[in-house]
Amino acid sequence: MIRCKIRAILLGVLILAGTAAAQDGSGARVTEDQFVVEARALLQEGRREVIAEELRLDDSEAEAFWSAYEDYHADIMVVRDRYVEIIGGYLARYEAGDLDDKYAKQLLDDWLKYKGDKLKVQKQHVRKFSRVLPMRKVVRFYQLENKMDAEIDAELAVFIPLMDPF
(Lines give C-alpha, C1' and ligand atoms only; values in the text may rest on other atoms or scores of the structure.)
Protein backbone atom coordinates (compact mmCIF):
# COMPACT_ATOMS: atom_id res chain seq x y z
CA MET A 1 0.00 0.00 0.00
CA ILE A 2 2.70 2.48 1.01
CA ARG A 3 4.89 1.46 -1.92
CA CYS A 4 2.07 2.13 -4.41
CA LYS A 5 1.38 5.57 -2.93
CA ILE A 6 5.06 6.53 -2.92
CA ARG A 7 5.46 5.36 -6.52
CA ALA A 8 2.46 7.48 -7.52
CA ILE A 9 3.93 10.48 -5.72
CA LEU A 10 7.32 9.95 -7.35
CA LEU A 11 5.70 9.60 -10.74
CA GLY A 12 4.15 13.01 -10.17
CA VAL A 13 7.51 14.42 -9.17
CA LEU A 14 9.17 12.94 -12.26
CA ILE A 15 6.43 14.44 -14.42
CA LEU A 16 7.16 17.78 -12.78
CA ALA A 17 10.84 17.24 -13.54
CA GLY A 18 9.96 16.77 -17.18
CA THR A 19 7.96 19.98 -17.20
CA ALA A 20 10.85 21.81 -15.54
CA ALA A 21 12.94 21.03 -18.60
CA ALA A 22 10.15 21.87 -21.01
CA GLN A 23 8.55 25.19 -21.78
CA ASP A 24 5.18 26.25 -20.48
CA GLY A 25 2.40 27.69 -22.69
CA SER A 26 3.82 31.22 -22.62
CA GLY A 27 7.21 30.04 -23.84
CA ALA A 28 8.94 30.81 -20.54
CA ARG A 29 10.96 28.05 -18.90
CA VAL A 30 9.62 26.62 -15.69
CA THR A 31 12.22 27.54 -13.10
CA GLU A 32 14.06 25.07 -10.92
CA ASP A 33 12.66 26.85 -7.85
CA GLN A 34 9.10 26.29 -9.08
CA PHE A 35 9.91 22.62 -9.63
CA VAL A 36 11.31 22.24 -6.12
CA VAL A 37 8.27 23.95 -4.57
CA GLU A 38 5.83 21.84 -6.57
CA ALA A 39 7.73 18.60 -5.97
CA ARG A 40 8.01 19.32 -2.25
CA ALA A 41 4.28 20.04 -1.99
CA LEU A 42 3.40 16.86 -3.88
CA LEU A 43 5.69 14.72 -1.76
CA GLN A 44 4.47 16.28 1.48
CA GLU A 45 0.83 15.79 0.54
CA GLY A 46 1.54 12.14 -0.13
CA ARG A 47 3.45 11.76 3.14
CA ARG A 48 0.59 13.24 5.14
CA GLU A 49 -1.88 10.93 3.45
CA VAL A 50 0.22 7.84 4.18
CA ILE A 51 0.87 8.89 7.78
CA ALA A 52 -2.79 9.70 8.45
CA GLU A 53 -3.93 6.40 7.01
CA GLU A 54 -1.27 4.21 8.60
CA LEU A 55 -1.07 5.70 12.10
CA ARG A 56 -4.79 5.27 12.77
CA LEU A 57 -4.97 8.13 15.25
CA ASP A 58 -8.04 8.77 17.35
CA ASP A 59 -9.37 12.34 17.51
CA SER A 60 -7.42 13.40 20.59
CA GLU A 61 -4.19 11.85 19.29
CA ALA A 62 -4.64 13.41 15.87
CA GLU A 63 -4.93 16.97 17.13
CA ALA A 64 -1.82 16.69 19.30
CA PHE A 65 0.15 14.68 16.73
CA TRP A 66 -0.40 17.00 13.78
CA SER A 67 0.68 19.96 15.88
CA ALA A 68 3.91 18.14 16.83
CA TYR A 69 4.28 16.99 13.23
CA GLU A 70 4.22 20.59 11.96
CA ASP A 71 7.25 21.36 14.14
CA TYR A 72 9.00 18.22 12.94
CA HIS A 73 8.13 18.98 9.34
CA ALA A 74 9.58 22.49 9.56
CA ASP A 75 12.85 21.15 10.96
CA ILE A 76 13.18 18.15 8.64
CA MET A 77 12.40 20.21 5.53
CA VAL A 78 15.48 22.35 6.13
CA VAL A 79 17.53 19.16 6.00
CA ARG A 80 15.61 17.67 3.06
CA ASP A 81 16.03 20.90 1.11
CA ARG A 82 19.80 20.53 1.52
CA TYR A 83 19.51 17.00 0.12
CA VAL A 84 17.73 18.39 -2.94
CA GLU A 85 20.52 20.98 -3.32
CA ILE A 86 23.19 18.27 -3.05
CA ILE A 87 21.49 16.17 -5.73
CA GLY A 88 20.84 19.18 -7.96
CA GLY A 89 24.42 20.38 -7.64
CA TYR A 90 25.77 16.93 -8.44
CA LEU A 91 23.53 16.53 -11.49
CA ALA A 92 24.50 19.97 -12.80
CA ARG A 93 28.21 19.23 -12.41
CA TYR A 94 27.78 15.75 -13.87
CA GLU A 95 26.06 17.20 -16.94
CA ALA A 96 28.79 19.84 -17.28
CA GLY A 97 31.51 17.19 -16.95
CA ASP A 98 32.90 19.11 -13.99
CA LEU A 99 33.64 16.29 -11.54
CA ASP A 100 37.04 16.20 -9.90
CA ASP A 101 38.47 14.78 -6.67
CA LYS A 102 38.02 18.05 -4.79
CA TYR A 103 34.33 18.17 -5.66
CA ALA A 104 33.97 14.44 -4.93
CA LYS A 105 35.28 14.99 -1.41
CA GLN A 106 32.96 17.96 -0.89
CA LEU A 107 30.01 15.94 -2.20
CA LEU A 108 30.71 13.10 0.20
CA ASP A 109 31.19 15.51 3.13
CA ASP A 110 27.91 17.25 2.30
CA TRP A 111 26.04 13.96 2.00
CA LEU A 112 27.40 12.65 5.32
CA LYS A 113 26.48 15.93 7.02
CA TYR A 114 22.97 15.68 5.56
CA LYS A 115 22.61 12.13 6.93
CA GLY A 116 23.85 13.21 10.38
CA ASP A 117 21.61 16.28 10.47
CA LYS A 118 18.58 14.23 9.44
CA LEU A 119 19.22 11.78 12.27
CA LYS A 120 19.71 14.66 14.70
CA VAL A 121 16.32 16.17 13.81
CA GLN A 122 14.62 12.79 14.09
CA LYS A 123 16.16 12.20 17.53
CA GLN A 124 15.14 15.68 18.72
CA HIS A 125 11.49 15.02 17.93
CA VAL A 126 11.13 11.57 19.49
CA ARG A 127 10.42 13.08 22.91
CA LYS A 128 7.85 15.49 21.47
CA PHE A 129 6.01 12.71 19.66
CA SER A 130 6.15 10.41 22.70
CA ARG A 131 4.36 13.06 24.76
CA VAL A 132 1.33 12.90 22.46
CA LEU A 133 1.35 9.29 21.23
CA PRO A 134 1.96 5.86 22.68
CA MET A 135 5.51 4.73 21.92
CA ARG A 136 4.31 2.03 19.49
CA LYS A 137 2.71 4.72 17.34
CA VAL A 138 5.84 6.86 17.57
CA VAL A 139 7.88 3.92 16.33
CA ARG A 140 5.33 3.27 13.58
CA PHE A 141 5.59 6.92 12.52
CA TYR A 142 9.37 6.68 12.22
CA GLN A 143 9.03 3.38 10.37
CA LEU A 144 6.71 5.08 7.90
CA GLU A 145 9.13 7.97 7.48
CA ASN A 146 11.96 5.49 6.92
CA LYS A 147 9.98 3.48 4.38
CA MET A 148 8.95 6.57 2.43
CA ASP A 149 12.51 7.93 2.43
CA ALA A 150 13.86 4.53 1.33
CA GLU A 151 11.36 4.38 -1.53
CA ILE A 152 12.29 7.88 -2.66
CA ASP A 153 16.00 7.13 -2.42
CA ALA A 154 15.56 3.89 -4.37
CA GLU A 155 13.71 5.70 -7.13
CA LEU A 156 16.30 8.49 -7.19
CA ALA A 157 19.09 5.91 -7.42
CA VAL A 158 17.66 4.76 -10.74
CA PHE A 159 17.91 8.26 -12.22
CA ILE A 160 21.06 9.65 -10.61
CA PRO A 161 24.16 8.53 -12.49
CA LEU A 162 27.18 7.20 -10.63
CA MET A 163 30.28 9.36 -10.52
CA ASP A 164 32.85 8.37 -13.12
CA PRO A 165 35.91 7.01 -11.28
CA PHE A 166 38.32 8.51 -13.82
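Residues numbered from 1 in each chain as written. Predicted model: local features only at pLDDT ≥ 70, side-chain atom pairs only at ≥ 80, totals over all residues. Heavy atoms only, no water.

A. Molecular detail of the overall build of the chain. When helices and strands are tallied, the chain shows 5 helices and 0 strands. Reading the helices (α) and strands (β) of the chain from amino to carboxyl end gives α-α-α-α-α. When burial is assessed residue by residue, the chain has 33% of its 166 residues classed as buried. Sequence separation of at least 24 residues holds for 73% of the intrachain contacts in the chain that already meet a minimum separation of 6. (Helix = DSSP H or I, 4+ residues; strand = E, 2+ residues; numbered from the N terminus. Buried < 20%, exposed > 50% of the residue type's maximum accessible area, 1.4 Å probe, protein only. Contact = heavy atoms within 4.5 Å.)

B. Broad picture of the confidence of the model for the chain. Looking at the chain as a whole, its pLDDT mean stands at 83, while 74% of the residues score no less than 70. Per-element averaging of pLDDT across the chain places helix α1 (residues 2-21) at the bottom with 53 and helix α4 (residues 101-132) at the top with 97. This model gives residues 15-30 a pLDDT under 50, and the stretch forms 16 contacts once residues within four places in sequence are excluded. (pLDDT = per-residue confidence, 0-100.)

C. Spatial organisation of the environment of L119. Within the fold, L119 resides in helix α4. Along the backbone, L119 and V79 are 40 residues apart, and their C-alpha atoms lie at a distance of 9.8 Å.

D. Looking closely at the packing of α4 against helix α5 (residues 135-159). Two elements in contact, α4 and α5, have axes separated by 10 Å at closest approach and are oriented at 150°. In this view, α4 runs roughly antiparallel relative to α5, as classed from their interaxial angle. Crossing angle aside, the handedness with which α4 passes α5 is right-handed. Together, K118, Q122, H125, V126, F129 and S130 of α4 and M135, V138, F141, Y142 and D149 of α5 make up the contact between the two elements. Of the residues assigned to the contact of α4 with α5, the class counts are 6 nonpolar, 3 polar and 2 charged. (Axes fitted to C-alpha atoms, helices over the stretch in contact; angles between N-to-C directions. Parallel < 35°, antiparallel > 145°, perpendicular 65-115°, else oblique. Left-handed = near helix turned anticlockwise from the far one by under 90°. Nonpolar A, V, L, I, M, F, W, Y, C, P; charged D, E, K, R; others polar.)

E. Summary view of the nonpolar core. Membership of the largest hydrophobic core comes to 26 residues, with the highest contact counts inside it found for I51, L55, F65, Y69, Y72, F129 and F141. Among the elements that make up this core, the one with the highest residue count is helix α3 (residues 59-96) (11 residues). Here Y69 is in contact with Q44, R47, R48, I51, F129, F141 and E145, once residues within four sequence places are set aside. (Core = buried A, V, L, I, M, F, W, Y, C linked by side-chain atoms within 4.5 Å.)

F. Inspection of the packing of α3 against α5 at higher detail. Closest axis-to-axis distance for the α3/α5 pair is 13 Å, and the angle between their directions is 25°. It follows that α3 is roughly parallel to α5 by the angle criterion. As α3 runs across α5, the sense of the crossing is right-handed. Of α5, the residues touching α3 (which contributes E61, F65, Y69, Y72, R80, Y83 and I87) are K137, F141, Y142, E145, D149, D153 and L156. Residue classes in the contact of α3 with α5 are distributed as 8 nonpolar, no polar and 6 charged.

G. Local environment of the packing of aromatic side chains. For the structure on display, the rule yields 15 aromatic pairs. Ring pairs connect the aromatic residues F65, W66, Y69, Y72, F129, F141 and Y142, which therefore count as one cluster. (Phe/Tyr/Trp six-rings, centres within 6.5 Å; stacked < 30°, edge-to-face > 60°.)

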